[in-house]
Amino acid sequence: MSLDSPSLQADALLDRRRLRRRLTFWRVLAFGFAAAALTAFTLRATGTLSGGRQIARIEISGVITDNKEQIAMLRRIAKAKHVQAVVVHINSPGGTTTGGEALFEALRDVSAKKPTVSVFGTMATSAAYIAGLATDHIVARGNTVTGSVGVIFQWADVSRLLDKVGIKMNEVKSGSLKAVPSMFAPLDEQGRKLTEEMVAESQQWFVGLVSSRRKIDPTSVQGLIQGRIFSGRQAVESKLVDGLGGEREAVQWLESKRGVTKGLSIVDWKPRAETGWGW
């Protein structure tokens, strides 16, 4: 019988069809497993996998900006009925005033619905300290660097450098205070006064948060309104934080002072990253 006989060709065609069906089945099954695993990973990463009661753990680190994914996560936590309390780990040198303001307001919304406590790490200064102020209780390590209550506005003046390399910036603007301060021109007295007024107004807002949230007179704490930093031990003495410790002490406070159920799982919540699939 020749290799290209009609019967052999028919058998080969049937075998190929059966093989394709098997491959299709296993591909669909593999895709299903992958989709299920990805869904579970996403739910675990965002802290929504467990439906049981839990303490949510969130992390605030790096430079603080107006992070919409982080704010959205805090809104989900505020609405999550299975989240009984929140531990906020903070390790940041600070950031923008608007970023600190947005984070403060979002954390206050969470605190209005469930108890919150901050755990300061290596550093929690400036806007990071503002985030801590939003919670109900603050613990820090003895050597945590915290405080730095104040506002700074910095920019470079490269006008003399431009003169040396023969570059002149030309501009037409609607008023003398438009785009002031500018890195391309020395700051005149009018511009300096305007900038100082803006910094002073923001500083007043910051100090007001310290006064209202910590129930202290900021002028009674040496160097506070001048923007000094404090160790964790100094911060306890000045009533800028409530006690020394870490997550264990934070959870103990939640259980003893706020009635949080003992032994709850602590689940990490993370902001959802934007993807091309619109998750």
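In case you missed it, the structure is sitting above this.
Residues numbered from 1 in each chain as written. Predicted model: local features only at pLDDT ≥ 70, side-chain atom pairs only at ≥ 80, totals over all residues. Heavy atoms only, no water.

A. Molecular detail of the overall build of the chain. Regarding its fold elements, the chain presents eight helices and eight strands. Counting across all 279 residues of the chain, residues that qualify as buried make up 35%. Put simply, 75% of the contacts in the chain that link residues at least 6 apart link residues at least 24 apart. Put simply, the chain shows about 17,200 Å² of open surface, and 55% of that area lies on carbon and sulfur atoms. (Helix = DSSP H or I, 4+ residues; strand = E, 2+ residues; numbered from the N terminus. Buried < 20%, exposed > 50% of the residue type's maximum accessible area, 1.4 Å probe, protein only. Contact = heavy atoms within 4.5 Å. Areas by Shrake-Rupley, 256 points an atom, 1.4 Å probe, with all protein chains shown as cover.)

B. Broad picture of the nonpolar core. Residues Leu74, Ile77, Leu107, Val210 and Trp269 are the most contacted members of the largest nonpolar core, which totals 45 residues. The contacts of Leu107, once residues within four sequence positions are left out, are Ile58, Ile60, Leu74, Val88, Ala131 and Ala134. Of all hydrophobic cores here, the second largest spans twelve residues; its members include Ala85, Val117, Val260 and Leu264. (Core = buried A, V, L, I, M, F, W, Y, C linked by side-chain atoms within 4.5 Å.)

C. Quick peek at the pairing of strand E3 (residues 116–125). For E3, the buried fraction is high: seven of the ten residues fall into the buried class. Taken together, strand E2 (residues 83–95), helix H3 (residues 97–111) and E3 form a β-α-β motif whose crossover is right-handed. Bridge count for E3 against strand E4 (residues 137–140) is four bridges, and the pairing is parallel. Each bridged residue has a counterpart across the sheet, and for Phe120 the counterpart in E4 is Ala140. The handedness of the E3 to E4 crossover, carried by helix H4 (residues 127–133), is right-handed. Relative to strand E5 (residues 145–147), E3 is paired through three bridges, and the arrangement is parallel. (Right-handed = clockwise from strand over helix to strand, strands pointing away. Pairing = 2+ DSSP bridges.)

D. Broad picture of the packing of aromatic side chains. This structure, assessed with the given rule, holds two aromatic pairs. On the basis of an interplanar angle of 65° and a centroid distance of 6.2 Å, the ring pair of Phe120 and Tyr129 is categorised as edge-to-face. For Tyr129, a relative accessible area of 0% translates into the label buried. An angle of 70° between the planes, with centres 5.6 Å apart, marks the rings of Phe153 and Trp155 as edge-to-face. (Phe/Tyr/Trp six-rings, centres within 6.5 Å; stacked < 30°, edge-to-face > 60°.)

E. Structural detail: the pattern of salt bridges. Counting across every chain of the model gives seven salt bridges. Across the pair Asp268 and Arg57 runs a salt bridge, and its minimum N-O distance is 2.9 Å. Of this pair, Asp268 sits in strand E8 (residues 265–268) while Arg57 sits in strand E1 (residues 54–64), placing them 211 residues apart in sequence. For Arg214, the salt bridge identified is with Asp242, shortest N-O distance 2.9 Å. Of the two residues, Arg214 sits in helix H6 (residues 189–214) while Asp242 sits in the loop between helix H7 (232–237) and strand E7 (243–244), which places them 28 residues apart along the sequence. (Salt bridge = Lys/Arg side-chain N within 4 Å of Asp/Glu carboxyl O.)

F. Structural context of unusual backbone geometry. A cis amide bond, omega 5°, links Val180 with the succeeding residue Pro181. On the secondary structure map, Pro181 appears in the loop between helix H5 (159–165) and H6. Here the phi dihedral of Ser126 falls at roughly 55°; this positive angle occurs in a residue that is not glycine. Take Ser126: it is sitting in the loop between E3 and H4.

G. Quick peek at the packing of helix H2 (residues 68–79) against H3. Two numbers describe how H2 lies on H3: the axes approach to 9 Å, and their chain directions differ by 10°. When the interaxial angle is binned, H2 and H3 end up roughly parallel. Each of Gln70, Ile71, Leu74, Ile77 and Ala78 in H2 lies in contact with H3, whose residues at this interface are Ala102, Leu103, Ala106, Leu107 and Val110. For the contact of H2 with H3, the per-class residue count stands at nine nonpolar, one polar and no charged. (Axes fitted to C-alpha atoms, helices over the stretch in contact; angles between N-to-C directions. Parallel < 35°, antiparallel > 145°, perpendicular 65-115°, else oblique. Nonpolar A, V, L, I, M, F, W, Y, C, P; charged D, E, K, R; others polar.)

H. Representation of the environment of Thr146. If you trace the backbone, Thr146 turns up in strand E5. Taking C-alpha positions, Thr146 is 6.2 Å from Ser231, a pair spaced 85 residues apart along the chain. Only 2.8 Å separates the side chain of Thr146 from the backbone oxygen of Ala124, close enough to count as a polar contact. (Polar contact = N/O pair within 3.5 Å; in protein donor to acceptor, adjacent residues only side chain to side chain.)

I. Representation of a nonpolar patch on the surface within the structure. Taken together, Phe153, Trp155, Leu161, Val165, Ile167, Met169, Met183, Phe184 and Met198 make up a surface patch of nonpolar side chains, about 830 Å² in accessible area. Structurally, Met183 is set in the loop between H5 and H6. (Patch = residues over 30% accessible without salt bridge, like charges linked within 9 Å, V, L, I, M, F, W, Y side chains within 5 Å.)

J. Looking closely at the pairing of E4. Neither face of E4 is open: one carries His137 and Val139, the other Ile138 and Ala140, and all of them are buried. Here E4 pairs with E7 via two bridges, running parallel. The residue of E7 that forms the bridge with Ala140 is Leu244.

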